[in-house]
Amino acid sequence: MQPGNRDAILMALLAAALFGAVIPASRILLYDIGPVTLAGLLYLGAGAGGLVIRRFTNPEGRSEAPIRRTDLPWLLGIIAFGSIIGPILCMVGLTTTPASTASLLLNAELAFTTLIAVIGFREPLGRRGLYAIIAVALGGLVLSYDPAGTFGLSVGSILIILACFCWGLDNNFTRVISGKEPAQIVMIKGFVAGIFSVCLGYAIGEPAPSLIIVPAVLLIGCLGYGVSIFFVIRAMRVLGSARTGALFATAPFIGLSLSLPLPGENPGFQILISLPLMAIGAWLIATEDHDHRHIHGSSRHEHRHSHEDGHHDHHHDPAMKGVVHAHTHEHERASHTHSHTPDLHHFHDHEKGD
């Protein structure tokens, strides 16, 4: 395993651990806060987290590529689907769905992320990836089945599944601009979505939360959304949307383990069927190996890089050798063979069988 891949995998797993704790924590907070207001406060915390991370990771603004005007359509899509619509649907669904069930339903995000990546963005994925999608989708259907609900599905489960679709869009939009400064992305989407959702909660008459618990909500949002999203974006640079999503799919299992001690949490026999299916799906994608001769077409882009990674040998000030920095640079056409993932430099088309 290449060092870059190992670091990206660790970041994705850490992001999953932080995000997995949000669902059970939110289930408790919903006793005192309306769902829309809670979603807004969590993202305000995420925005604050992005601001703090930026001060530590890019204090001089030189080691990361900033958001440009051409990135704004993708950023608006990220904010709308990933930070406003998705979280609100999830929090409303969580008001009638046990936290343990909701935690495992979040695995549907992996299926949606992968399907959108492959169909909509032509991200390469082999047969193992297809099997993973089937396994996770079946696990989600088993877990959300409710004989007393409409068509066998509870309304809360449907809302959480729709939230996962929104986050699947968010993940793929984020992958497109993952070369840009992740802390800046987190900061913008957190503050914009947070202010919008808090105002919406006030407009629809949700009661104002107690000032005593607001700091706790902001801290949960800072870690569970802000820091988590930062690590996800960094992982996407190397692993692509589908593979990062597979590793991030461990979040529901963490959420489940934290949810079981809560009052009223009794997920039932369905977990015995869905849990192995979802675990198999995540394992299939995370262990996929991709190695073939490929061509790098000439390109021009801007992102964080160094001159010791094998893909950046353009002329530069000798003093910058080994220093991580960001600027617009060009890549000449090249052809070689090595193990790779759909990172910023390997998002190429594939012939049948590759």
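Quantities reported herein were computed from a predicted structural model and do not represent experimental measurements.

A. A look at a nonpolar patch on the surface. Together, L130, Y131, I134, L138 and L141 give the surface a local cluster of nonpolar side chains, amounting to about 490 Å² of exposed area. Structurally, L138 is set in helix α7 (residues 127–144).

B. Examining the packing of helix α3 (residues 35–57) against helix α10 (residues 214–248) more closely. Between α3 and α10, whose axes approach to 6 Å, the crossing angle comes to 60 degrees. When the interaxial angle is binned, α3 and α10 end up oblique. Here the hand of the crossing between α3 and α10 comes out right-handed. Contacts from L38, L41, L42, Y43, L44, G45, A46, G49, I53 and T57 in α3 reach V217, L218, I220, G221, C222, Y225, G226, V227, I229 and F230 in α10.

C. Structural view of the packing of aromatic side chains. Enumeration over the complete set of coordinates arrives at 10 aromatic pairs. Here F19 and F248 contribute two aromatic rings whose centre-to-centre distance is 5.2 Å and whose plane-to-plane angle is 40 degrees, an arrangement assigned as tilted. Pair noted here: F19 is in helix α1 (residues 3–20) and F248 is in helix α10, with a separation of 229 residues, a long-range link. Consider the rings of Y43 and Y225, whose centres lie 4.6 Å apart with planes at 35 degrees: the pair is tilted. Taken together, the residues span a long stretch of sequence, with Y43 in helix α3 and Y225 in helix α10 at a distance of 182 residues. Every member of this aromatic cluster is reached through a ring pair, and the members are F19, Y43, W167, Y225 and F248.

D. Layout of helix α6 (residues 108–120). Under the 1.5 Å per step criterion, the end-to-end length of α6 is 17 Å for 13 residues, consistent within 8% with the ideal 18 Å. When α6 is considered as a whole, its buried residues turn out to be A108, E109, L110, A111, T113, T114, I116 and A117. One or two positions beyond α6, positive phi appears at R122, with a value near 55 degrees.

E. Highlighting the nonpolar core. By size, the foremost hydrophobic cluster in this structure holds 56 residues, and its most contacted members are L38 and Y225. Broken down by element, the residue count for this core peaks at 10 residues, all from α10. Apart from residues lying up to four places away in sequence, L38 is in contact with S26, L29, L30, I33, M91 and V217.

F. Layout of the confidence of the model for the chain. Of the residues in the chain, 70% reach a pLDDT of 70 or more, and the chain-wide mean stands at 77. Within the chain, no element has a lower average pLDDT than strand β3 (residues 299–305), which sits at 53, and none a higher one than helix α9 (residues 182–203), at 93.

G. Local environment of empty space enclosed by the protein. Counting across every chain of the model gives one cavity of 30 Å³ or more. Approximately 300 Å³ is the volume found for the largest cavity. Surrounding the largest cavity, 24 residues form its lining, E109, D170, N171, V232 and F248 being those nearest its centre. Among the elements of the structure, α6, α8 (155–176), α10 and α11 (251–259) are those that each provide at least two residues to the lining of the largest cavity. Among the elements that line the lining of the largest cavity, the one with the most residues is α10, at 10 residues. Here the residues of the lining of the largest cavity are counted per class, giving 14 nonpolar, seven polar and three charged.

H. Quick look at the environment of L76. Its place among the elements puts L76 in helix α4 (residues 72–94). For L76, a relative accessible area of 57% puts it in the exposed group. When the C-alpha positions of L76 and I188 are compared, they lie 9.9 Å apart, and in sequence the two are 112 residues distant.

I. Structural detail: the side chain of N171. Relative to the elements of secondary structure, N171 occurs in helix α8. Among the polar contacts listed, one links the side chain of N171 to the side chain of E109, at a separation of 2.9 Å. Here N171 is in contact with E109, T113, M236 and S241, once residues within four sequence places are set aside.

J. Highlighting the side chain of E181. Among the secondary structure elements, E181 is positioned in the loop between α8 and α9. Look at E181 and you get buried, because its relative accessible area is 2%. Ignoring any residue separated from it by four or fewer positions in sequence, one finds E181 in contact with R54, N58, E64, A65 and R237.

K. Main features of the packing of α4 against α9. Where α4 meets α9, the axes come as close as 9 Å, and the angle between the chain directions of the two elements is 45 degrees. When the axes of α4 and α9 are compared, the pair comes out oblique. You can see that α4 and α9 cross each other, and the crossing is right-handed. Contacts between α4 and α9 involve L75, I78, I79, S83, I84 and I88 on the former and, on the latter, I185, I188, K189, V192, A193, F196, S197 and L200. Residues that form the contact of α4 with α9 fall into these classes: 11 nonpolar, two polar and one charged.

L. Examining the pattern of salt bridges more closely. Inspection of the entire model under this criterion finds three salt bridges. A salt bridge links E181 to R54, with the nearest nitrogen and oxygen atoms 3.0 Å apart. Here R54 lies in helix α3 and E181 lies in the loop between α8 and α9, a separation of 127 residues in the sequence. For R54, a relative accessible area of 28% puts it in the partly exposed group. Put simply, K189 and D170 hold a salt bridge, and the shortest N to O gap is 3.5 Å. Separated by 19 residues along the polypeptide, K189 in helix α9 and D170 in helix α8 bring together distant segments of the chain.

Calculation criteria
Residues numbered from 1 in each chain as written. Predicted model: local features only at pLDDT ≥ 70, side-chain atom pairs only at ≥ 80, totals over all residues. Heavy atoms only, no water. Patch = residues over 30% accessible without salt bridge, like charges linked within 9 Å, V, L, I, M, F, W, Y side chains within 5 Å. Areas by Shrake-Rupley, 256 points an atom, 1.4 Å probe, with all protein chains shown as cover. Salt bridge = Lys/Arg side-chain N within 4 Å of Asp/Glu carboxyl O. Helix = DSSP H or I, 4+ residues; strand = E, 2+ residues; numbered from the N terminus. Axes fitted to C-alpha atoms, helices over the stretch in contact; angles between N-to-C directions. Parallel < 35°, antiparallel > 145°, perpendicular 65-115°, else oblique. Left-handed = near helix turned anticlockwise from the far one by under 90°. Contact = heavy atoms within 4.5 Å. Phe/Tyr/Trp six-rings, centres within 6.5 Å; stacked < 30°, edge-to-face > 60°. Expected span 1.5 Å × (residues − 1). Buried < 20%, exposed > 50% of the residue type's maximum accessible area, 1.4 Å probe, protein only. Core = buried A, V, L, I, M, F, W, Y, C linked by side-chain atoms within 4.5 Å. pLDDT = per-residue confidence, 0-100. 1 Å grid on protein atoms, 1.4 Å probe; cavity = no way out; pocket = protein on both sides within 12 Å on 5 of 7 lines; lining within 4 Å. Points joined across faces, edges and corners; volume = space filled by probe spheres on them. Nonpolar A, V, L, I, M, F, W, Y, C, P; charged D, E, K, R; others polar. Polar contact = N/O pair within 3.5 Å; in protein donor to acceptor, adjacent residues only side chain to side chain.

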